[in-house]
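Working through the structure, step by step
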Number of protein chains: 2
Amino acid sequence: MSVELVQERNSDQRRGGTVDFVVQHLVDGILHGRFAPGQRLVARDLTEEMGVSRGSVREAFRLMAADGLVDLVPNKGVTVRRLSRHQTRDLFEIREVLEGLAAKLAAQRINVNDNRAMFESMWRTVRPRGHHLAWDIFIEHNRLFHRTIVSVGGNLLLKDAIDKLQLPIMMVQVGRMMADENIQQSENDHATIADAILDGDPGRAAEAMQNHLRELADWVLALPDSAFKREEN
Amino acid sequence: MSVELVQERNSDQRRGGTVDFVVQHLVDGILHGRFAPGQRLVARDLTEEMGVSRGSVREAFRLMAADGLVDLVPNKGVTVRRLSRHQTRDLFEIREVLEGLAAKLAAQRINVNDNRAMFESMWRTVRPRGHHLAWDIFIEHNRLFHRTIVSVGGNLLLKDAIDKLQLPIMMVQVGRMMADENIQQSENDHATIADAILDGDPGRAAEAMQNHLRELADWVLALPDSAFKREEN
DNA sequence: CGAATATGATTGTAGGACAATTTTGACAGA
DNA sequence: TCTGTCAAAATTGTCCTACAATCATATTCG
């Protein structure tokens with residue numbers, strides 16, 4: 001039924017990108033559910049699967065562990081990270097201030113260069129239109145929305161910092177449970193945030209963003225224990 | 001004149017910590033000025049210097065690159081990171097909200113468990129005493145102060161996030177220019193922050209911390225171009 | 001059935017090999 | 001003296017092999 005889809009590395013690719021290739025393969029696999037949270041990643045299997053050396057795989061593991069995408073336990077190996085309820089709460093607290101900052105900066109800088117054009121272009125494609133939105137499309141819209149805000153904000157390090165917040169993991173872990181009402185709510189929030197940014201009102205933008213994330217956090221944290229990794233304390 | 005101080009790896013150390021050993025050696029070297037910002041790190045030199053394999057060194061490079069401590073350019077190698085003025089500003093913006101959050105959380109949780117005891121103990125050792133403080137002692141106090149606040153705040157991921165903010169780099173790059181007046185000012189700020197936290201006033205704590213960092217940022221950003229990496233745009 | 005043990009799998013680390021690429025240093029010409 | 005060119009040397013990226021330490025699993029024994 002299913003074709004053995006072996007992703008061998010395109011060998012005409014330039015030297016120097018092997019590790020990145022491995023990382024992307026793994027991230028992709030996580031996002032598409034091919035590697036489930038908690039699953040162990042065996043180095044040698046991956047070397048065969050992708051036709052790269054074990055050294056490159058290990059480097060990719062280190063990188064991803066530093067970014068919090070996997071857990072690396074000495075002598076035991078690497079597993080796709082799963083967040084506990086506590087960690088999820090901590091993560092949202094951080095996300096709230098970082099994305100709040102991003103929204104504030106975006107509102108401050110909406111009128112420099114072609115920021116307004118960029119933002120409006122994004123907003124035209126993700127603006128709520130009332131009709132039902134499939135989960136994976138919403139996820140895509142959501143990502144684009146948040147990334148554009150960070151981008152307009154103009155703080156490059158902030159982009160990295162937010163990227164390193166293991167959001168993909170959380171979304172995979174938790175996102176499939178999102179119901180239509182949540183999507184609806186999020187889209188409304190987005191509209192409020194977009195308004196504030198387009199108005200160039202930093203305070204209102206930051207607050208709207210923080211409210212948005214706090215709501216989302218409340219909903220996520222109300223999920224049953226089964227959605228989270230067991231607390232290990 | 002100078003003794004050839006070769007830090008060979010203590011071989012009775014348990015298996016599984018080689019990479020961490022390399023990282024620590026490098027971070028130490030950076031902090032102590034043995035590796036200057038901008039300096040290139042040659043893999044093979046390090047393998048000989050520390051008696052570890054090249055693979056381990058490469059893994060350490062990846063880790064540090066992910067943490068922003070070094071720049072890793074394909075085919076060219078690894079250099080100790082140097083921040084541009086722009087990056088420094090971006091960094092302070094992020095630090096302001098993250099440490100502001102830490103201070104807020106600390107004030108909220110100062111009365112749970114033995115947090116108050118821990119905080120007061122820290123504060124007894126770093127509290128300003130009026131007499132002149134050497135730069136490196138101040139740096140140590142400063143680190144302890146900020147880390148304790150994060151710790152009392154109780155958000156473990158926040159600790160990681162702040163650690164990954166390349167503060168060591170910035171301090172090395174910029175810190176040696178700190179004059180007594182800056183140290184004085186910082187110590188005053190610390191007292192204000194500590195008061196707010198001990199009073200359990202989250203809003204005041206966060207604001208005091210943010211003010212502290214904003215002042216520091218203003219001072220750092222007023223330094224001459226020579227303190228920063230050339231802007232590459 | 002539970003505990004001890006043997007067996008196999010996987011990791012951590014060292015080290016060699018070799019082509020791709022960059023850096024260095026020498027050299028000729030302006 | 002400066003500058004561009006080119007070969008030599010150094011360094012990187014990647015793969016490979018090897019082997020002990022450690023973990024996971026199956027098996028045997030009580």
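Residues numbered from 1 in each chain as written. Chains lettered and ligands numbered in written order. Predicted model: local features only at pLDDT ≥ 70, side-chain atom pairs only at ≥ 80, totals over all residues. Heavy atoms only, no water.

Our next topic: the sheet that holds strand 3 (residues 77-80) of chain A. All names here are of chain A. On the basis of which strands lie adjacent, the open sheet formed by three strands has the order 1-3-2 and antiparallel pairing. Of all the strands in the sheet, the pair left with one neighbour each is strand 1 (40-41) and strand 2 (70-73). For strand 2 and strand 3, the ladder comprises four bridges, and the chain directions are antiparallel. Pairing of L72 across the sheet is with V78, part of strand 3. Relative to the sheet, helix 3 (residues 54-66) contacts strand 1, strand 2 and strand 3, its axis offset from that of strand 2 by approximately 115 degrees. (Pairing = 2+ DSSP bridges. Helix = DSSP H or I, 4+ residues; strand = E, 2+ residues; numbered from the N terminus. Contact = heavy atoms within 4.5 Å. Axes fitted to C-alpha atoms, helices over the stretch in contact; angles between N-to-C directions.)

On to the sheet that holds strand 1 (residues 40-41) of chain B, then. In space, the three strands of this open sheet follow the order 1-3-2 (chain B), with antiparallel pairing throughout. Since the sheet does not close on itself, it has two edges, and those belong to strand 1 and strand 2 (70-73) of chain B, each with one partner.

Below, the discussion takes up the protein's contact with DNA strand C. Neighbouring DNA strand C are 21 residues; A:R54, A:R58, B:R15, B:T18 and B:S53 lie closest to it. In DNA strand C, atoms within 4 Å of the protein come from the sugar-phosphate backbone in 72% of cases. Here a phosphate oxygen of DNA strand C and a backbone polar atom of B:S53 are 2.6 Å apart. At the level of elements, strand 1 and helix 3 of chain A together with helix 3 (54-66) of chain B are the ones that each hand at least two residues to the surface near DNA strand C. Among the residues forming the surface near DNA strand C, the class breakdown is five nonpolar, eight polar and eight charged. (Near = heavy atom within 4 Å. Polar contact = N/O pair within 3.5 Å; in protein donor to acceptor, adjacent residues only side chain to side chain. Nonpolar A, V, L, I, M, F, W, Y, C, P; charged D, E, K, R; others polar.)

Attention shifts here to the pattern of salt bridges. In this structure the tally under the stated criterion is 29 salt bridges over all chains. The salt bridge involving A:D71 is made with A:R81; its shortest N-O contact spans 3.8 Å. Residue A:D71 is found in strand 2, and its partner A:R81 is found in the loop between strand 3 and helix 4 (85-108); the two are separated by 10 residues along the sequence. Its relative accessible area of 11% is what places A:R81 among the buried residues. Across the pair A:R95 and A:E99 runs a salt bridge, and its minimum N-O distance is 2.8 Å. Highlighted residues: A:R95 and A:E99, both in helix 4, separated by four residues, approximately one helical turn. For the pair formed by A:R95 and A:E99, the shared burial category is buried. Taken together, the shared-partner salt bridges in this structure form one network comprising A:R58, A:R62 and B:E59. (Salt bridge = Lys/Arg side-chain N within 4 Å of Asp/Glu carboxyl O. Buried < 20%, exposed > 50% of the residue type's maximum accessible area, 1.4 Å probe, protein only.)

This brings us to the packing of helix 5 (residues 115-126) of chain B against helix 9 (residues 180-198) of chain B. Residue and element names in this part refer to chain B. It is the contact of helix 5 with helix 9, at a shortest axis distance of 12 Å, that shows an interaxial angle of 160 degrees. With respect to helix 9, the element helix 5 is oriented roughly antiparallel. Where helix 5 crosses over helix 9, the two elements pack in a sense that is left-handed. Of the residues in helix 9, those touching helix 5 at R116, F119, E120, W123 and V126 are E187, H190, A191, A194, I197 and L198. (Parallel < 35°, antiparallel > 145°, perpendicular 65-115°, else oblique. Left-handed = near helix turned anticlockwise from the far one by under 90°.)

Before going further, it helps to spend a moment on the pairing of strand 3 (residues 77-80) of chain B. Residue and element names in this part refer to chain B. Here strand 3 shows a buried face lined by V78 and V80 and an unburied face lined by G77 and T79. Of the strand pairs in this sheet, strand 1 and strand 3 are connected by two bridges, and their pairing is antiparallel. Residue pairing in the sheet places R40 in a bridge with T79 of strand 3.

Attention shifts here to the environment of A:S186. Residues and elements named next belong to chain A. Turning to its location among the elements, S186 is positioned in helix 9 (residues 180-198). Overall, the relative accessible area of 5% leaves S186 in the buried class. Spatially, the C-alpha atom of S186 lies 7.9 Å from that of L216, the residues being 30 residues apart in sequence. In this structure, S186 is in contact with F138, M178 and H212, ignoring residues within four places of it in sequence.

Attention now moves to the relation of the copies chain B and chain A. Superposing chain B onto chain A requires a rotation of 180 degrees together with a translation of 0.0 Å along the rotation axis, leaving an RMSD of 0.1 Å. Interpreted geometrically, this transformation is the action of a two-fold axis. Interface overlap between copies: 100% of the residues of chain B at the interface are likewise at the interface in chain A, consistent with a symmetric, same-surface contact. (Least-squares fit on C-alpha atoms with pLDDT ≥ 70 in both.)

All names here are of chain A. On domain assignment, one finds that chain A holds domain 1 (18-80) and domain 2 (85-227). The gap between the C-alpha centroids of domain 1 and domain 2 is 28 Å. In this assembly, domain 1 packs against domain 2 so that about 690 Å² is buried in total across both faces, 71% of it on carbon and sulfur atoms. Counting across the domain 1 and domain 2 interface gives zero salt bridges. On inspection of domain 1 and its partner domain 2, the count reaches zero residue pairs in polar contact (both at pLDDT 80 or more). Class assignment for the residues of the side of domain 1 that touches domain 2 results in five nonpolar, two polar and one charged. (Domains from an automatic or database assignment. Buried area = accessible area lost by both parts, 1.4 Å probe.)

Residue and element names in this part refer to chain A. Along the chain, H141 turns up in helix 6 (residues 135-153). Using a relative accessible area of 19% as the deciding quantity, one classes H141 as buried. Not counting residues up to four positions away in its chain, the partners in contact with H141 are T125, V126 and L133.

Okay, the environment of B:M171 next. Residue and element names in this part refer to chain B. Position of M171 relative to the elements: it lies in helix 8 (residues 167-175). M171 gets classed as buried once you look at its relative accessible area, which sits at 16%. Residues M171 and R89 lie 82 residues apart in sequence; the distance between their C-alpha atoms is 14 Å.

Moving on: the interface of chain B and chain A. Residue-level contacts link 29 residues of chain B with 29 residues of chain A. Among the residues chain B hides against chain A, the three largest losses belong to B:E59, B:R62 and B:L157. Together they make up 26% of the total. At the junction of chain B and chain A, the tally comes to four salt bridges. Here A:E59 ties to B:R58 by a salt bridge, and the two come within 2.7 Å at their closest N and O atoms. Between the two partners, chain B and chain A, sit 14 residue pairs in polar contact (both at pLDDT 80 or more). Broken down by element, the residue count for the side of chain B that touches chain A peaks at 10 residues, all from helix 4 (residues 85-109) of chain B. For the side of chain B that touches chain A, the per-class residue count stands at 14 nonpolar, six polar and nine charged.

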